[in-house]
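Breakdown of the fold
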Amino acid sequence: MSDAAASTTKASPSGAEMQTRWTIARGAAILATRALVRVKVRHLERLPTSGPYVLAPSHRSALDFLFAGCVTGRPLRFMIKEEVWRYPRVGRFVEWFGAFPVSRGAPDRTALRLAQEALAAGDPLVVFPEGTRRDGPAVIDLHEGAAFLALRAGVPIVPVGIGGSTRVLVRGERLPHLFRRVEVVVGEPIFVGPSGGSVRRQRVTELTEQLRVGLQATFDEAERRVRSRATARDGG
């Protein structure tokens, strides 16, 4: 077990403790977002208003977890790559957001347990199905973890496209570009039906493809909206 995983082996925080953490972290994030970035969330009416679900955002920037967190005021849990915990201050910060580490090199039973506990407690869970930051417009080669967790728990999976985030924090740069536009587009939930215990591999593969199609559509819309705003601003 990695040091990052060992630091988060306790059961997922919930109730008053989780709400307090989330209120503080979300409040700080909203202030920072308003100061630094113009974030617009689209189609919020598509998001389930209660109960657990898997939120599956596109991933092009290290700041995407912040933008995903703007989607709802409910406490969220995040699966985030364990490499983030190599930087202790960053690790503590994302933990206040409800994050826990996941190893990408091998099956991570601790992360799986924490994810299942979060969904069982009724919390939405954020999983980046691309697994790592990608480049370019295509959403391809998704990992199957998001689909597996949704099927195992019998909860909806919601694709979320995040557009413009690479213009805020360019890869390789440490400081964000101020006042850039980010569009967050919530897709139609994919309902999987009640949990049946064991999960068939074929069903996981099918759901992953459904998610890919939905994620591509939301990412395309988010990027299109960012470009449209930029064109209008420039008078083109």
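Above this text sits the structure in question.
Structure report, in brief.

Reading the values: rules and limits
Residues numbered from 1 in each chain as written. Predicted model: local features only at pLDDT ≥ 70, side-chain atom pairs only at ≥ 80, totals over all residues. Heavy atoms only, no water. Salt bridge = Lys/Arg side-chain N within 4 Å of Asp/Glu carboxyl O. Helix = DSSP H or I, 4+ residues; strand = E, 2+ residues; numbered from the N terminus. Buried < 20%, exposed > 50% of the residue type's maximum accessible area, 1.4 Å probe, protein only. Pairing = 2+ DSSP bridges. Axes fitted to C-alpha atoms, helices over the stretch in contact; angles between N-to-C directions. Parallel < 35°, antiparallel > 145°, perpendicular 65-115°, else oblique. Left-handed = near helix turned anticlockwise from the far one by under 90°. Contact = heavy atoms within 4.5 Å. Nonpolar A, V, L, I, M, F, W, Y, C, P; charged D, E, K, R; others polar. Right-handed = clockwise from strand over helix to strand, strands pointing away. Polar contact = N/O pair within 3.5 Å; in protein donor to acceptor, adjacent residues only side chain to side chain. Phe/Tyr/Trp six-rings, centres within 6.5 Å; stacked < 30°, edge-to-face > 60°. Core = buried A, V, L, I, M, F, W, Y, C linked by side-chain atoms within 4.5 Å.

**Side note on the pattern of salt bridges**
The full count for this structure, using the stated rule, is ten salt bridges. Two residues, E183 and R42, come together in a salt bridge whose shortest N-O distance is 2.8 Å. One end of the pair, E183, is in strand 7 (residues 180–186); the other, R42, is in strand 1 (residues 37–42), with 141 residues separating them in the sequence. The burial state of E183 is the same as that of R42; both residues are buried. We note a salt bridge from E221 to R225, for which the minimum N-O separation is 3.0 Å.

**A word on the pairing of strand 6 (residues 157–163)**
Strand 6 sits mainly inside the fold: seven of its seven residues count as buried. Residues I157, P159, G161 and G163 line one face of strand 6 and the alternating positions V158, V160 and I162 line the opposite face, and both faces are buried. Where strand 6 meets strand 7, four bridges bridge the pair, whose relative direction is antiparallel. Pairing of V160 across the sheet is with V186, part of strand 7.

**Structural notes on the packing of helix 5 (residues 109–120) against helix 6 (residues 145–153)**
The N-to-C vectors of helix 5 and helix 6 enclose an angle of 45°; their axes lie 10 Å apart at closest approach. Taken as axis vectors, helix 5 and helix 6 run oblique relative to one another. With respect to the hand of their crossing, helix 5 and helix 6 are arranged in right-handed fashion. Where helix 5 approaches helix 6, its residues L112, A115, Q116 and L119 are matched on the opposing element by F148, L149, R152 and A153. Partitioning the contact of helix 5 with helix 6 into residue classes produces six nonpolar, one polar and one charged.

**Quick look at helix 6**
Considered for burial, the residues of helix 6 that qualify are A146, A147, L149, A150 and L151. Phi turns positive one or two residues past the end of helix 6, at G154, with a value near 70°.

**Some points on the pairing of strand 4 (residues 99–102)**
Side chains A99 and P101 project from strand 4 onto one buried face, and the interleaved F100 and V102 project onto a second face that is buried too. Bridge analysis of strand 3 (residues 77–81) against strand 4 gives four bridges, and the strand direction is parallel. Bridge pairing links F78 to A99 in strand 4. The handedness of the strand 3 to strand 4 crossover, carried by helix 4 (residues 88–96), is right-handed.

**Points about the side chain of R60**
Locating R60 in the fold gives a position in the loop between strand 2 (54–57) and helix 3 (64–68). Of the polar contacts made by the side chain of R60, one reaches the side chain of E130; its length is 2.8 Å. Polar side-chain contacts of R60 include one of 3.0 Å to the backbone oxygen of G136. Excluding anything up to four places from it in sequence, R60 contacts E130, R133, R134, D135, G136, P137, A138, V139, S165, T166 and F219.

**Points about the packing of aromatic side chains**
Summed over the entire model, instances satisfying the criterion amount to two aromatic pairs. Measuring from ring centre to ring centre gives 6.4 Å for F65 and F78, while their planes differ by 90°; the resulting arrangement is edge-to-face. A residue pair is termed long-range when its members are at least 10 positions apart, and F65 in helix 3 and F78 in strand 3 qualify at 13 residues. For the pair formed by F65 and F78, the shared burial category is buried. Consider the rings of F65 and F93, whose centres lie 6.3 Å apart with planes at 75°: the pair is edge-to-face. Taken as a pair, F65 in helix 3 and F93 in helix 4 lie far apart in primary sequence, 28 residues in all.

**Things to note about the nonpolar core**
Core analysis: the biggest nonpolar cluster contains 32 residues, and F65, F78, I80 and V184 have the highest contact counts within it. Considering every element that reaches this core, the biggest residue donor is helix 3, with four residues. If you look at the next biggest cluster of nonpolar residues, it comprises 27 residues, including A56, L119, A150 and I157.

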